[in-house]
Amino acid sequence: MKHGGVKWINGKPEKLRDFSVNLNPIYPDFIEDLINEAIKEKVYLYYPDNYEKLRENIAEIYDIDEEYIGVFNGASEVINLLEPRVVPEPNYVEYKRSYIYFAEERENYFIYHLQGNKVIISNPNNPTGAKIDLKEIEEFLEEGKDLVVDESFADISLVDSAKKFVKDYDNLLIISTFTKSLSIPGLRIGFTIGKRSKELEKNSPPWRINSIAYYVLSNANPKEIKDFFRKSREIVTSLLETFRINGRRVTVYKSFAPYVLVRFPINVRIINSYLRSKGFLIRDCSNFVGLNEFYGRISLRKDYQELINEIDEFLSNSSI
């Protein structure tokens, strides 16, 4: 699949341990409780309202004025509303590109800098897990250049958010989503923070967030979500510190995100063919600009060591 993820067969998702999709390694029980509550209340019988309560909750979670917040059907809806921009590669495949340039690849990490006048960048970067410093972002904004920062993974990553700049800079837009941070890819809730948010909302359809998703995030406790994000970052930190692959000629790239980019000595499609037989799946990164069929991305699920054991076993028995 273009973005990874298991296949749906006869209307049901394939039963695999999916390390190809980047989600929080822990799941918030309070979200499942609210989903069940929403179904019990049959909120699917009603149109959602104007999303004011959702904006209020987002504002409280991030300590941002509500006037800067726009809500959308996932971060993907926002991305599709934006004009083409300069993109440093490798980067998220859905961005509209007017021009590209390449990050600097060192032995086991990537370095991203900002170039051009209208740029979109992910922080932490998807798929490399690299980060970009706030100082460089602020200097870019000071020059009056237009910047979109996709922080879809920032809540559960070891990076600093650029949200604190939105009040002072009209030329900054932050994109984020609860899809990754709350492990709810099926509940499509994305949002923007910045002075362009209301303008983008005007170009979006009504009822773009379904009633169940709206109910869940409107009734969630912002303090509980903030505490959950803090705990999630602690777990991601621990998982990154212990992540290892022992195979020869394997490069594990330094990551600040809940996923790790790996360069293998074997085509990832071959590795995935083996892993599927064992009930696992990782992300084939061959469709990212600047990467190829030897790059794979592994999500940091808490049971990742079982996957790594299978990869080590496969590589040790391969003629490489």
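About the criteria used
Residues numbered from 1 in each chain as written. Predicted model: local features only at pLDDT ≥ 70, side-chain atom pairs only at ≥ 80, totals over all residues. Heavy atoms only, no water. Salt bridge = Lys/Arg side-chain N within 4 Å of Asp/Glu carboxyl O. Helix = DSSP H or I, 4+ residues; strand = E, 2+ residues; numbered from the N terminus. Buried < 20%, exposed > 50% of the residue type's maximum accessible area, 1.4 Å probe, protein only. 1 Å grid on protein atoms, 1.4 Å probe; cavity = no way out; pocket = protein on both sides within 12 Å on 5 of 7 lines; lining within 4 Å. Points joined across faces, edges and corners; volume = space filled by probe spheres on them. Nonpolar A, V, L, I, M, F, W, Y, C, P; charged D, E, K, R; others polar. Pairing = 2+ DSSP bridges. Contact = heavy atoms within 4.5 Å. Polar contact = N/O pair within 3.5 Å; in protein donor to acceptor, adjacent residues only side chain to side chain.

Participant: Tell me what's going on with the pattern of salt bridges, and back it up with residues and numbers.
Facilitator: A full pass over the atoms with the stated rule returns 19 salt bridges. Ionic pairing is found between Arg-17 and Asp-303, a salt bridge with its closest N-O pair at 3.3 Å. One end of the pair, Arg-17, is in strand β3 (residues 17-18); the other, Asp-303, is in the loop between β17 (295-299) and α10 (304-316), with 286 residues separating them in the sequence. Judged by its relative accessible area of 27%, Arg-17 is partly exposed. Owing to a relative accessible area of 19%, Asp-303 belongs among the buried residues under this scheme. Here Arg-85 ties to Asp-146 by a salt bridge, and the two come within 2.6 Å at their closest N and O atoms. One end of the pair, Arg-85, is in strand β5 (residues 85-89); the other, Asp-146, is in strand β10 (residues 146-150), with 61 residues separating them in the sequence. The class for Arg-85 is buried, based on a relative accessible area of 1%. Here the residues in one salt-bridge network are Glu-52, Arg-55, Lys-198, Glu-201 and Arg-208, joined through shared partners.

Participant: Provide a residue-level description of empty space enclosed by the protein, including the pertinent values.
Facilitator: Going through the model one piece at a time under the given rule, you end up with one cavity of 30 Å³ or more. Considered as a void within the structure, the largest cavity measures approximately 40 Å³ in volume. Taken together, Ile-79, Leu-82, Glu-83, Arg-85, Tyr-95, Lys-96 and Ile-120 make up the full set of residues lining the largest cavity. The residue inventory of the lining of the largest cavity, partitioned by class, reads four nonpolar, no polar and three charged.

Participant: Report on the sheet that holds strand β13 (residues 251-252), specifying residues and quantitative values.
Facilitator: With antiparallel pairing, the four strands of this open sheet are ordered in space as β13-β14-β17-β16. Two strands close off the open sheet at either side, each with one partner strand: β13 and β16 (283-284). With five bridges connecting them, strand β14 (residues 259-263) and β17 associate as antiparallel partners. Residue pairing across strands places Arg-263 opposite Tyr-295, the latter belonging to β17.

Participant: Give me helix α7 (residues 211-219): which residues, what numbers.
Facilitator: The element α7 is largely enclosed, with a buried count of eight among its nine residues. Against α1 (29-40), α2 (52-62), α5 (178-181) and α8 (222-242) lie the buried residues of α7. With a side-chain oxygen lying 3.0 Å from the backbone nitrogen of Ile-212, the N-terminal cap of α7 falls on Asn-210.

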